[in-house]
Amino acid sequence: MGKNYLKKISILGSTGSIGKNTLNVISRYPERFKVIGIAAKSNIQVLESQIRDFKPEVVAVFDCSAAERLKKKNPPAEILSGEKGLIEVAKLKGVDLVVSAIVGSAGLIPTLEAIKARKNIALATKEALVMAGEIIMAEAQRKGVKIIPVDSEHSAVFQCINGRKAEEIQRIILTASGGPFLRKDLSKLKTVTPQEALKHPNWFMGKKVTIDSATLMNKGLEVIEAHYLFNLPPHKIDVVLHPQSIVHSFVEFIDGSILSQMSVPDMRGPICYALSYPERLERVLPSLDISKMRKLTFEKPAQVRYPCLRLAYQALAAGGTMPCVLNSANEVAVDAFLNKKLPFKKIHNVVANIMKIHNVSKCKDIGDVLKASEWAKEKAGEIIESLSY
Ligand code: MG
């Protein structure tokens, strides 16, 4: 593939934070990237402007009534609807790379279908790997598909490993900002509101991942994601708090040498790297003025403040359906917190309780994964309901 090759791209989740940033990157390199398909849940107002600006051939709207409303406006694109529509966008002919950026478990099936259709994946939907890591990585290998991480930490690890073998890696160290409650009085965590939890100090992201950053569940999910992406056992994946969000992760090799990747915290960096890989493009991010950086600090995350992190390691150790159950229970708990139906500190309790009553089984196929997910969501809903009485 030469320098003048125009990469054709579909975006699953184009109206979310990653989707918008992806389109922002694409708009700056029109000679390199062309949008062929976009898909979103229901935000047709944003979709309309994206159709105007990027002229995709096919647009899918998950919500069928929203799709109907969009159709009535006669946009210059084919409009599809439902999960079927999302899957069609994931498989579009002629597309080289699918950006998987649907929030949560809804992104799993379209991502898997894109892999089956031999599309390379720029993966932002970490939940897909958390829920069905073995199935997804096996399918990617079977089809010769590259899965390039968009998550900033995994992009950092990916860049540092740069094709080296897993045997040469001693461990990886994922960095975490610690979220808005890093220094908050522990006794006050009980009463924090969604508004407070949504104020992330360094990154501007979607709501789900911002809450997950505050509980550190996000880092837990990223540990599981890293396990599958880089084929590393859990004991070779560490987490360290780094409130400045400049070092995006470390890789320690067997000779004791450590590499890290740094940049200003801006998702357009890892997004652009995933789009342009294996090349690097010019002027993606502003230069980091290292002479002005007073200090970069690192510390161990405290278990009392961030109990969710341990749950993720426990789920990974249990294997089978457990990571999926962790993820789906967490999704329901975060949603309840955002809707003021669950206190912040109880997010952990809900997930822990669901894990406790779950009988782990193997994930032979995607049906097993979906069944475990449905079970966890239903049980989490019941527990949350019982807590509010
Ligand atoms: Mg991340």
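Residues numbered from 1 in each chain as written. Predicted model: local features only at pLDDT ≥ 70, side-chain atom pairs only at ≥ 80, totals over all residues. Heavy atoms only, no water.

**Some details on the environment of Lys73**
Line of reasoning, step 1. Following the sequence through the fold, Lys73 ends up in the loop between helix 3 (64–72) and strand 4 (78–81).
Line of reasoning, step 2. For the pair formed by Lys73 and Glu48, sequence separation is 25 residues and the distance between their alpha carbons is 9.0 Å.
Line of reasoning, step 3. For Lys73, the side chain forms a polar contact with the side chain of Glu48, separated by 3.2 Å. (Helix = DSSP H or I, 4+ residues; strand = E, 2+ residues; numbered from the N terminus. Polar contact = N/O pair within 3.5 Å; in protein donor to acceptor, adjacent residues only side chain to side chain.)

**Details of the coordination of the magnesium ion**
Line of reasoning, step 1. In this structure, Asp151 (OD), Glu153 (OE) and Glu222 (OE) serve as the protein donors to the magnesium ion, at separations of 2.1 Å.
Line of reasoning, step 2. Mapped onto the sequence, the residues coordinating the magnesium ion show the spacing D-x1-E-x68-E. Within this pair, whereas Glu153 is found in helix 7 (residues 152–161), its partner Glu222 is found in helix 10 (residues 217–230), the two being separated by 69 residues in sequence. Grouping residues by exposure puts Glu153 and Glu222 together as buried. (Donors = N, O, S within 2.8 Å, 3.2 Å for Na, K, Ca; no water. Buried < 20%, exposed > 50% of the residue type's maximum accessible area, 1.4 Å probe, protein only.)

**Digging into the pairing of strand 8 (residues 169–176)**
Sheet faces and side chains relate simply in a regular strand, where the side chains alternate between the two faces.
Line of reasoning, step 1. Strand 8 sits mainly inside the fold: 6 of its 8 residues count as buried.
Line of reasoning, step 2. Direction of pairing for strand 8 relative to strand 9 (residues 237–241): parallel, over a ladder of 5 bridges. What sits directly across from Leu174, in strand 9, is Val239. (Pairing = 2+ DSSP bridges.)

**Focus: the environment of Arg294**
Line of reasoning, step 1. By secondary structure assignment, the location of Arg294 is in the loop between helix 11 (268–276) and helix 12 (307–318).
Line of reasoning, step 2. Classification of Arg294 by relative accessible area gives exposed; the value is 81%.

**Comments concerning the side chain of Thr210**
Line of reasoning, step 1. Position of Thr210 among the secondary structure elements: in helix 9 (residues 207–215).
Line of reasoning, step 2. If we skip the residues at most four places from it in the chain, Thr210 touches Ala197, Leu198, His200 and Met205. (Contact = heavy atoms within 4.5 Å.)

**Concerning the domain arrangement of the chain**
Line of reasoning, step 1. Per the domain assignment, the segments of the chain are domain 1 (7–149), domain 2 (152–264 + 294–313) and domain 3 (319–389).
Line of reasoning, step 2. For the domain 1 and domain 2 pair, buried surface summed over both sides reaches about 1,200 Å², with 71% attributable to carbon and sulfur atoms.
Line of reasoning, step 3. Looking at the side of domain 1 facing domain 2, the largest losses of area belong to Lys126, Val130 and Pro149, adding up to 47% of the total buried there.
Line of reasoning, step 4. Inspection of the domain 1/domain 2 interface yields 2 salt bridges.
Line of reasoning, step 5. Of the charged contacts in the structure, one is a salt bridge between Glu127 and Lys208, with a shortest N-O distance of 3.3 Å.
Line of reasoning, step 6. Across the contact surface, domain 1 and domain 2 share 3 residue pairs in polar contact (both at pLDDT 80 or more).
Line of reasoning, step 7. Those elements that provide at least two residues to the side of domain 1 that touches domain 2 are helix 6 (126–143) and strand 7 (147–149).
Line of reasoning, step 8. Residue contributions to the side of domain 1 that touches domain 2 peak at 7 residues, all from helix 6.
Line of reasoning, step 9. In terms of residue class, the side of domain 1 that touches domain 2 is built from 8 nonpolar, 2 polar and 3 charged. (Domains from an automatic or database assignment. Buried area = accessible area lost by both parts, 1.4 Å probe. Salt bridge = Lys/Arg side-chain N within 4 Å of Asp/Glu carboxyl O. Nonpolar A, V, L, I, M, F, W, Y, C, P; charged D, E, K, R; others polar.)

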